[in-house]
Each structure stands twice: as structure tokens, then as C-alpha cells.
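# Per-entry structural report
Given next are the chains, with one letter for each unit.
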Amino acid sequence: MLDNQGNDPRGTICIEDIEIGMSRTLRKIITDRDIELFAEVSTDHNPVHLDDEYAQDTIFEGRIAHGMLTAGLISAVIGEQLPGHGTVYLGQNLKFLAPVRPGDMVEAIVTVTDMDIAKRRVTMDTHCEIDGKKVLKGEAVVLAPSRKFD
């Protein structure tokens, strides 16, 4: 069952059921509260994220979300949907392409590109978009759960 923002269902997809090309998404509107909470948890209080007046005089000409807040949406897709619960992150690379601002609807998309079933390793293309424009791209490698270990 999809949630009210059209996000894919949460749960677990075991390595035995994962296929190359399989994809999952999550959509979230980034709010001022999200940015404030991320600043609190991460201890990153850079004023470009929190101070309108300061941020106006930067290259962004306004406040932006923390890049790692946006990247965290990829982590949510991997940890909640594909492969989901029981997944262990092994690596992630990221390239930030454009700013994310309060009020933006971000769509995080994860797609399986390669697998090593014997080692339970899954490689995935990861990116985030706003209105179809990529704002972040990267690749993740994870250890997927297996029915053999349940």
C-alpha cells in the first residue's frame, strides 16, 4: 500500500528476490522543521541552512537544506524499501548537483544495477530529483538480507 505521498511500500526484499533493474522511490517535501532538526542532530548549524538574511548573500541567494539531509532520503529508501529492513550499508558515493530549498518536493530513486548473490552485495544507482531535475546522484553498495539467515 502506498503512503499519502505516493511512496513505495516499506518492508524487506531479500537477496533471493532482488533483480537488476528493480527500483523504489520516496517523495518528501523538505520543511523548515526538517532542516532545523537535521541541524540539531548533526550539529551543523551553518547559517546558509538556518538564517534567511545570511543565506541571501551567498551563491544560493537563499536558504538551502543540508546536502546530507537530502542524501538521507536515499538511505531511507535503502533501509525501508530496497532491500529494506536488515540491510547493511557498505558504501555510498554522492555528487551534489543543485541546491534543495525549504518547500521542495524531493524524490529519491534507487535502482539495482548489479548483484553478487553469493556475497549478498547489491550495487544501486541512487539519485534525488526535484521536478525531474537531478539534484544529487551517486552509487550505493549494500549487504542485503537473506531468507537463509532468518
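See the structure printed just above.
Our focus in this paragraph is the pattern of salt bridges. A complete count under the given rule lists six salt bridges for this structure. Across the pair Glu107 and Arg27 runs a salt bridge whose closest N-O atoms are separated by 3.4 Å. Highlighted residues: Glu107 in strand β3 (residues 105-116) and Arg27 in strand β1 (residues 23-29), separated in sequence by 80 residues. Using a relative accessible area of 26% as the deciding quantity, one classes Arg27 as partly exposed.

Following Leu82, the chain continues into Pro83 via a peptide bond in cis, with omega recorded as -5 degrees. Considering the arrangement of structural elements, one finds Pro83 in the loop between α4 (67-80) and β2 (88-96). Backbone geometry at Glu61 places phi at a positive 55 degrees, although glycine is not the residue there. The residue Glu61 is located in the loop between α3 (52-56) and α4 in this model. Glu61 sits in the exposed class, given a relative accessible area of 59%. The backbone of Arg120 sits at a positive phi, close to 60 degrees, despite the residue not being glycine.

Here we take up the pairing of strand β4 (residues 121-130). Among the ten residues in β4, eight count as buried, and that is most of the element. One ladder, built from nine bridges, connects β3 with β4; its direction is antiparallel. Among the inter-strand pairings, Thr111 is bridged to a residue of β4, identified as Asp125. Between the antiparallel neighbours β3 and β4 lie four residues, among them Arg120 with a positive phi of about 60 degrees. Connecting β4 to the antiparallel partner strand β5 (residues 133-143) that follows it, the hairpin turn spans two residues, and Asp131 within it adopts a positive phi of roughly 50 degrees.

Conventions and cut-offs
Residues numbered from 1 in each chain as written. Predicted model: local features only at pLDDT ≥ 70, side-chain atom pairs only at ≥ 80, totals over all residues. Heavy atoms only, no water. Salt bridge = Lys/Arg side-chain N within 4 Å of Asp/Glu carboxyl O. Helix = DSSP H or I, 4+ residues; strand = E, 2+ residues; numbered from the N terminus. Buried < 20%, exposed > 50% of the residue type's maximum accessible area, 1.4 Å probe, protein only. Pairing = 2+ DSSP bridges.

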